[in-house]
Each structure stands twice: as structure tokens, then as C-alpha cells.
Amino acid sequence: MTDSTYSGHLEKMKVRPGVPVDYALVLDNKEHVINDLLGQQITLKWEGDIHCRACERPTKKSFGQGYCYPCFTRLPECDSCIVSPEKCHFHLGTCRDPEWGERVCFNDHIVYLANSSGVKVGITRMKNMPSRWLDQGAAQALPVARVATRRLAGLVEDILRRDVADKTNWRTMLKADAPAIDLHTEAERLRTLFSDELQQLQDEFGQDAITWLTNENTRDFNYPVLEYPTKVASHNFDKTAEVAGRLMGIKGQYLILDTGVINLRKFTSYKISVTVNRES
């Protein structure tokens, strides 16, 4: 058997559609393919260093998945409306960076339904399909509407989530493949249920501001998992700097080890070393 070690500041895993989904660890902008590590013993060790993903200054604590506190409180991509787009305040003249807002928020967005731990509603920029769904560990996804701005996408989502979830239950997602759901039927049900509220949005923003996508196909995804855990225990670098175990699967932004799971995206900008004990 031979060992291999690589290290660097962690970014969220690179995901590409495939059968199964193809994953790569990203350390200091360098990709390391990991699908072929399934079944191998790996050790991940946080080396005690965190550098802000924006300004690269060292920070003792990560905010918003990889930022130092000054950047977290200043940058537009860290504002609360990124998590809650219906709260966009660009129109109030208080955007942290209007040029950034015009570039990122004032273009077509997709409202979608996904099935990772049951039906959920979400939004994404068109260029982020399908990586957005793969990052969530979705087994199925269906675009249901194309809207003109991020804020409007958030307002549509805000209506639909009165009846369906807008977050993934990560423990359920990591325990098994989600049973198939007819997302077309769900989309039509939600449009009928909230027809008055959705029409009010179109009346306010214009009939062309929301386009319902009735001819889209459901996307299906399969993840590289040898075995799902019966009980989900999570690892945390902030509590235990070294995490080791046999790699049993990869789903969403999680590594599934026989000793527990770890959400790598949570530790963006942490400098880690990865040692693989390859069995020959």
C-alpha cells in the first residue's frame, strides 16, 4: 500500500454531472479527483490556519463560509439578502455595492423544485444549474419558472415555501437515496394553490417578468456512495482538528466516512492536509 498527501486552503468541492456525479477536492485552486478514493482510508487534518477567501488575510474564525469578519460585514455577497433574496434592498438605494448588484442580481434566475430529503423549493442563477442541485445532494430537480431578477425569484420562492420546504434536511439526505417524486405534479399543484398570489406578482412586475417552464424535464442524479450510514454523526474541525475514516460516499458537499460525515463547504478557507492510504 502507498500513501499520498496533499494540502492547501479548502474550497467547496467541484461537482460535475455524471453517472455517478463526479467530485474533486479543491485545495489552493488545484483539483484532486476523489471518486476513485471510495473504500480507501483517508485522514483530513486542519493545520490551524484560516485565510479569508476574499482578502486572504489570516483570521481566527471563519464567517459566512470562508470570510474574515470585516469582509463578511462589507461585501455584497455576504449580505443577508443573498440568503433571503426576497429581502433585496437594491431598490431602496442601500445595496452594499450597486455595480455588483446590477451584475449578479439583475439577470434571469430560475425557481426550481428539488428532491433531496423531500420536495423543496429554491432559486439559482441559470449558470449555476446543475451544480446548485448537486451541492444540495438532490436526487431530482425541475426548473419551474424563469424570472427577471433575483428579488423576484425570492418573492416567488417565498410564496411557494408556505407549502413546501425551502431547506434540505441534511441528515435525511445522507441516510439514503430520496424516493422518487413526480415534481411536475408538485409544480402544477403549487401554481394552482397560490394562483392569486403569483398573479399579483405578475401584475406588479409585468407579465413577462415570470415565465412558467411547463416543458422542462426532471433531472435525475446518482451519487458515488458505497454505503449510507444508519445513524448520522458529524465531524467538525473546530472541535477535532483531525478526521479519519474509510470513505464510503460523497453527496452534496459532504464526505461520508465510516466514522461520520463532514460538510467540507462549512470549512471553506481552512488549510487542511489530506492523506490517502491506498490499498493495493
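Just above sits the structure.
A short tour of the structure in this document, coming up. Everything numeric here is computed off the predicted structure, so don't read it as measured data.

### With respect to the overall build of the protein
- Assigned secondary structure in the protein consists of eight helices and 13 strands.
- In terms of overall dimensions, the protein is globule-like: its C-alpha atoms have a radius of gyration of 20 Å, near the 19 Å expected for 280 residues.
- By its C-alpha atoms, the protein is 65 × 45 × 25 Å across when sized along the principal axes.
- Here the protein holds 280 residues, and 46% of them are scored as buried.
- Considering only contacts in the protein between residues 6 or more positions apart, those separated by 24 or more positions represent 68%.
- Here the protein displays about 14,100 Å² of accessible surface, and carbon together with sulfur accounts for 47% of that area.
- In the protein, which carries 36 positive and 37 negative side-chain charges, the distance between the mean positions of the two groups comes to 5 Å.

### Structural notes on the pattern of salt bridges
- Considering all chains together, one arrives at 15 salt bridges under this definition.
- Ionic pairing is found between Glu86 and Arg161, a salt bridge with its closest N-O pair at 2.9 Å. Taken together, the residues span a long stretch of sequence, with Glu86 in the loop between helix H2 (80-83) and helix H3 (98-105) and Arg161 in the loop between helix H5 (150-160) and helix H6 (170-173) at a distance of 75 residues.
- Between Asp163 and Arg189 there is a salt bridge, with the nearest N and O atoms lying 2.6 Å from each other. Taken as a pair, Asp163 in the loop between H5 and H6 and Arg189 in helix H7 (residues 183-193) lie far apart in primary sequence, 26 residues in all.
- A single network of salt bridges, built from pairs that share partners, joins Glu86, Asp158, Arg161, Asp166 and Lys167.

### A closer look at empty space enclosed by the protein
- Evaluated as defined, the whole model comprises three cavities of 30 Å³ or more.
- The calculated volume of the largest cavity comes to roughly 90 Å³.
- Taken together, 13 residues make up the lining of the largest cavity; nearest its centre are Cys81, Cys95, Trp100, Gly101 and Cys105.
- When residues of the lining of the largest cavity are traced back to their parent elements, those giving at least two are H2 and H3.
- Of the residues forming the lining of the largest cavity, the biggest block, three residues, is contributed by H3.
- Per-class residue counts for the lining of the largest cavity are nine nonpolar, two polar and two charged.
- Roughly 40 Å³ of internal volume is contained in the second largest cavity.

### Digging into H7
- The set of residues buried in H7 consists of Leu183, Glu186, Ala187 and Leu190. Each buried residue of H7 lies within a common arc of 100° when the element is viewed along its axis, so the set occupies one face.
- Buried residues in H7 make contact with strand E5 (109-115), strand E6 (119-125), strand E7 (140-147) and H5.

### What about helix H8 (residues 195-205)?
- By the burial criterion, the buried members of H8 are Leu198, Leu201 and Gln202. All buried residues of H8 fall inside an arc of 95° around its axis, so they share one side. When the buried face of H8 is taken as reference, the exposed residues oriented beyond 90 degrees from it are Asp196, Gln200, Asp203 and Glu204.
- Where H8 is buried, its residues touch H5, H7 and strand E8 (210-212).
- Trailing H8 by a residue or two, Gly206 shows a phi angle of about 110°, which is positive.

### Quick look at unusual backbone geometry
- Of note, the amide linkage connecting Val19 to Pro20 takes the cis form, showing an omega dihedral of 5°.
- Within the element layout of this structure, Pro20 appears in the loop between strand E1 (2-16) and strand E2 (22-27).
- Here the bond from Met129 into Pro130 is cis, since omega is 0°, no more than 30 degrees from zero.
- Checked against the element boundaries, Pro130 lands in the loop between E6 and helix H4 (131-135).
- Phi is positive for Ser269, close to 85°, though the residue is something other than glycine.
- For Ser269, the location among the structural elements is in the loop between strand E12 (260-263) and strand E13 (270-278).
- By relative accessible area, Ser269 is classed as buried at 4%.

Here is what the cut-offs are and how they apply
Residues numbered from 1 in each chain as written. Predicted model: local features only at pLDDT ≥ 70, side-chain atom pairs only at ≥ 80, totals over all residues. Heavy atoms only, no water. Helix = DSSP H or I, 4+ residues; strand = E, 2+ residues; numbered from the N terminus. Rg over C-alpha atoms; globule rule 2.2 N^0.38 Å. Buried < 20%, exposed > 50% of the residue type's maximum accessible area, 1.4 Å probe, protein only. Contact = heavy atoms within 4.5 Å. Areas by Shrake-Rupley, 256 points an atom, 1.4 Å probe, with all protein chains shown as cover. Lys, Arg positive; Asp, Glu negative; His and termini not counted. Charge placed at Lys NZ, Arg CZ, Asp CG, Glu CD. Salt bridge = Lys/Arg side-chain N within 4 Å of Asp/Glu carboxyl O. 1 Å grid on protein atoms, 1.4 Å probe; cavity = no way out; pocket = protein on both sides within 12 Å on 5 of 7 lines; lining within 4 Å. Points joined across faces, edges and corners; volume = space filled by probe spheres on them. Nonpolar A, V, L, I, M, F, W, Y, C, P; charged D, E, K, R; others polar. Arc of directions from axis to C-beta.

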